[in-house]
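Below, each chain spelled out in residue letters.
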Amino acid sequence: MTSQNSSEVRVRFAPSPTGYLHVGGARTALYNYLFAKKNGGKFILRIEDTDEARSTEESLRGVVDDLAWLGLKWDEGVDPVTLKDFGPYGPYRQSERLEIYKKYAEQLLKDGKAYYCFLTDAEIEKQREENKAAGNFHVNSPYQDWSLDKALEHIKAGNSAVVRFKTKGLQKDYILHDLVRGEVKFPSDMVGDFVLLRSGGMPVYNFCCVVDDYLMKMTHIFRAEEHLPNTLRQLMIYQGLGWAAPQFGHISLILDEDRQKLSKRKGAVACGILKQEGYLNSAVLNYIALLGWSHPEEKEILSVDEMIKAFDISRLNPSGAIFDRVKFKWMNSMHLRALPNTELWQAIQPYLAKENMQLPQDPTWQDKSLNLFKPYMEILADAVELYRPLDDKSYAILPEADETLKWEPTKAVLTAWSDLVKAHPGDYMSEEEFLKYQDEVKNKTGAKGKNLFMPIRVAVIGKPHGAELKILVPLLKKSSLVARAEQALSKT
RNA sequence: GUUCCCAUCGUCUAGGGGCCUAGGACACCUCCCUUUCACGGAGGAUACAGGGGUUCAAAUCCCCUUGGGAACGCCA
């Protein structure tokens, strides 16, 4: 099989660099990626930056970084490092393809499928007001029947115009065989004469999208449901240009807790934030994949490779899904547990460093501690509170320990414990040794139950509740244990 | 308002005419483990939006209603 044969599957993700990448966009990218990989096709990253006012290079950088962090590698598009084009169908930034769009707009103009429109904003607004009651928001341009020559004269005379697609005289209904939704029938008067080229000559989304998808030889378009009405417009453009349309699949929306579309305004879940909060890319991918798609055997914890293997568009769910942070967190904890300790240790370093925590450099110690803490970690940031008891600088007797310190047997328990620790021969004590000392304290003082346990815990972590002592104590150096015991004792 | 899309536990979902007294997962509740918290284990409660058809048989097919969502830009 050659890599460029005509039946090759080609799909794309086409973000606009006007903000960050949110989970909705990430999922669209993921489904396209999975579909490409599953079918041995190509996954292309195209940049839709025709909104000059809002597109920024920083935003492009951010979106590309997030995509790269997720691990969704693209075969053509902009380079993840240099942001320069690569691939045979470039440029891949729409702002660099203006001449191309202009050419096809002129073709539509010449063929009478589009026209120059001189309506002003105020006039359009007035039309809207008048038609509102009838539920018709479409513009009705008096210029639609002007000849091209006449319009050109008018422009030469200094009038500015947009190019609109002419919907009058089109077929009554358009039928879309949607890969996710089945047959969708659009009445062609569902849309009005929409803009192709802005007054400055800058093309608009629906137009660029068609020209690019065609020229870049896209075979399938998977995008969010909100684009359904756009698809009608695009179908019209394909027809006007005499091109065959690709296959479309409109996937469901990701909703917030209020069942509304996740919107950036309302603080949509940004991939970058998720990364910061300590979620693993594999967990993000896994969770969003399952929002609208299911594994044939209902497996839930999946690697990307497993997803590729099982991916089948017939399992794409047409209804919207709420992003549930609780389940997402659980899923992250599962991915955390699957991570090898050496990688996990690296991953938590930024979080520990931010708190200035200093932990032993010994890999064996690190491995051991991780084995113990891993089951309690849901996100990477949890490592901070888990490891804090092991950091000498962070040790402090907390107010919640006050009551324990006042108990009658506490002083005796702490004294006995302190003595035993001081007499301990090695740098660290084993779990067995700790249990033995604990027993000795019990025998010596007669304290038992919480009278025994809680004072010792205070002497180890500074508070009466927390992780199991037999886990914590073997991870603490003798010198630390001694210092802490003395500090606790001094408060009795 | 108009058009389009959607409709199974609180949430994500399985299901595609008989296998469904509807299965799984997260969350929740109870118990066990644990001389704390958590982890782990065992149980439990909870859903086919409503109404009409079609059919011997409907969660599954059709229609209507209702509810939710989206779109109606010189944004993408």
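The coordinates are above.
Below is a summary of the structure that appears in this document. (Residues numbered from 1 in each chain as written. Chains lettered and ligands numbered in written order. Predicted model: local features only at pLDDT ≥ 70, side-chain atom pairs only at ≥ 80, totals over all residues. Heavy atoms only, no water.)

Structural notes on the overall build of chain A
Along the backbone of chain A there are 20 helices and 13 strands. Against the globule reference of 23 Å for 492 residues, chain A gives a C-alpha radius of gyration of 32 Å, more extended than a compact globule. With the principal axes as the frame, chain A shows a C-alpha extent of 105 × 55 × 40 Å. Excluding contacts between residues fewer than 6 apart, the proportion of contacts in chain A whose partners are at least 24 apart in sequence is 75%. (Helix = DSSP H or I, 4+ residues; strand = E, 2+ residues; numbered from the N terminus. Rg over C-alpha atoms; globule rule 2.2 N^0.38 Å. Contact = heavy atoms within 4.5 Å.)

Some thoughts on the packing of helix α16 (residues 410-423) against helix α18 (residues 450-461)
Axis separation between α16 and α18 bottoms out at 9 Å; the angle between their running directions is 60°. By the angle between their axes, α16 is oblique relative to α18. Helix-helix and strand crossings are classified by hand; for α16 and α18 the assignment is right-handed. Counted together, Thr-410, Val-413, Leu-414 and Trp-417 of α16 and Asn-451, Leu-452, Pro-455, Ile-456, Ala-459 and Val-460 of α18 form the full contact between these two elements. Partitioned by chemical class, the residues of the contact of α16 with α18 number eight nonpolar, two polar and no charged. (Axes fitted to C-alpha atoms, helices over the stretch in contact; angles between N-to-C directions. Parallel < 35°, antiparallel > 145°, perpendicular 65-115°, else oblique. Left-handed = near helix turned anticlockwise from the far one by under 90°. Nonpolar A, V, L, I, M, F, W, Y, C, P; charged D, E, K, R; others polar.)

As for the side chain of His-220
As for its position among the elements, His-220 is in strand β10 (residues 220-224). For His-220, a relative accessible area of 13% translates into the label buried. For His-220, the residues in contact, after removing those within four places along its chain, are Val-9, Arg-10, Val-11, Phe-35, Leu-179, Pro-246 and Gln-247. (Buried < 20%, exposed > 50% of the residue type's maximum accessible area, 1.4 Å probe, protein only.)

Regarding helix α1 (residues 23-38)
In this model, α1 (16 residues) spans 22 Å end to end at C-alpha, consistent with the 22 Å of a helix rising 1.5 Å per residue. Following α1 by one or two positions, Gly-40 has its phi on the positive side, about 60°. (Expected span 1.5 Å × (residues − 1).)

Observations regarding the environment of Glu-8
With respect to the helices, strands and loops of the structure, Glu-8 is situated in the segment before β1 (10-13). What makes Glu-8 buried here is its relative accessible area of 9%. There is a polar contact of 3.4 Å between the side chain of Glu-8 and the side chain of Lys-42. (Polar contact = N/O pair within 3.5 Å; in protein donor to acceptor, adjacent residues only side chain to side chain.)

Looking at the packing of aromatic side chains
Under the counting rule described, the total for this entry stands at 19 aromatic pairs. Between Tyr-104 and Trp-243 the ring centres are 5.1 Å apart and the planes differ by 75°, which places this aromatic pair in the edge-to-face class. Taken as a pair, Tyr-104 in helix α3 (residues 98-110) and Trp-243 in the loop between α7 (228-241) and β11 (247-251) lie far apart in primary sequence, 139 residues in all. Ring geometry for Trp-417 and Phe-434: centres 5.8 Å apart, planes at 85°, overall edge-to-face. Residue Trp-417 is located in helix α16, and its partner Phe-434 is located in helix α17 (residues 431-445); the two are separated by 17 residues in the primary sequence. Taken as a pair, Trp-417 and Phe-434 share a single burial class, namely buried. One aromatic cluster in this structure is built from Tyr-279, Tyr-287, Phe-323 and Phe-328. One residue, Lys-150, lies across the ring of Trp-146, its end atom 4.2 Å from the ring centre. (Phe/Tyr/Trp six-rings, centres within 6.5 Å; stacked < 30°, edge-to-face > 60°. Lys NZ or Arg CZ within 6 Å of the ring centre and 35° of its normal.)

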